[in-house]
Amino acid sequence: MMDTELLSYLRNVSLRETAVMTANRHETAQSADANLQINPEQGQLIALLLRLAGARRGIEIGVYAGYSSLWIAHSLPDNGHLLACDNDPEITERARRDWARAGVADIVELRIGPALETLDAEIAAGMAGAYDFTFIDADKAGYIDYYERALALVDAGGLIIADNTLWHGRVIDAADDSTDTQAIRAFNRHLHADDRIDMSLVPIGDGLTVARKR
């Protein structure tokens, strides 16, 4: 893990947050569940990858307070679209507020409810292959199911990005057999063995897996 001093230097010389992103991140940091939010350097890397890919339409699974959505929305063109899935109408009100403050509310469509149902509805509506990327950062037990739906929904060359794939180091703790830890281990094995994608697990933040559909 990177120590605090080096992380501070990294952010000082590379981070390009907007004022709304910074305020959102600092507000979230005061919450008891602040660990649910991605790190800023992860957000910036995701945004860069989406710009490199020329992404226009995508899906976010797990919105929380909207920090990652801000990075994603700012990386999309003015006619872009982000389908944001979450099941918590209370915390996502903060996300809605900051999307509006940032001027990206028209790009983001929030759907409240079980994400798997939303994804299955998109597939049933004929949207398979219609998306350029999916970002997964939700309940760990659902990761493989989300990934499989994402594979159906993104076009060839599309990106599937997943957070928490190093799971605070618990993936290598032989004494940890908790449901979430086992789910992340299974997810990592699933992607590593999947010849439908190219992939890399990047040791940034809590681990960020980037996959490209072949």
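Our structure's up above, just so we're on the same page.
What you see is a predicted model; the values in this text were computed from it and never measured. (Residues numbered from 1 in each chain as written. Predicted model: local features only at pLDDT ≥ 70, side-chain atom pairs only at ≥ 80, totals over all residues. Heavy atoms only, no water.)

Draft legend 1. A look at the overall build of the chain. Scanning the chain from terminus to terminus reveals 8 helices and 7 strands. Relative to the compact-globule value of 17 Å for 214 residues, the chain shows a C-alpha radius of gyration of 16 Å, a close match. With respect to the principal axes defined by its C-alpha atoms, the chain has extents near 45 × 40 × 35 Å. Out of the 214 residues in the chain, the part that is buried amounts to 47%. The contacts in the chain between residues at least 6 apart in sequence include a share of 70% that link residues at least 24 apart. Surface accessibility of the chain: about 10,300 Å² in total, with carbon and sulfur atoms responsible for 51%. Within the chain, the 33 negative side-chain charges are centred at a point lying 4 Å from the centre of the 20 positive side-chain charges. (Helix = DSSP H or I, 4+ residues; strand = E, 2+ residues; numbered from the N terminus. Rg over C-alpha atoms; globule rule 2.2 N^0.38 Å. Buried < 20%, exposed > 50% of the residue type's maximum accessible area, 1.4 Å probe, protein only. Contact = heavy atoms within 4.5 Å. Areas by Shrake-Rupley, 256 points an atom, 1.4 Å probe, with all protein chains shown as cover. Lys, Arg positive; Asp, Glu negative; His and termini not counted. Charge placed at Lys NZ, Arg CZ, Asp CG, Glu CD.)

Draft legend 2. Geometry of the packing of helix α3 (residues 40-53) against helix α4 (residues 67-75). Orientation of α3 relative to α4, taken along the N-to-C sense of each, is 25°, at an axis distance of 8 Å. As summarised for this structure, α3 and α4 are arranged roughly parallel, according to the angle between their axes. Handedness of the crossing formed by α3 with α4: right-handed. Residues P40, G43, Q44, I46, A47, L50 and R51 of α3 touch α4, and the partners they reach there are Y67, W71, I72, H74 and S75. The class makeup of the residues in the contact of α3 with α4 is 7 nonpolar, 4 polar and 1 charged. (Axes fitted to C-alpha atoms, helices over the stretch in contact; angles between N-to-C directions. Parallel < 35°, antiparallel > 145°, perpendicular 65-115°, else oblique. Left-handed = near helix turned anticlockwise from the far one by under 90°. Nonpolar A, V, L, I, M, F, W, Y, C, P; charged D, E, K, R; others polar.)

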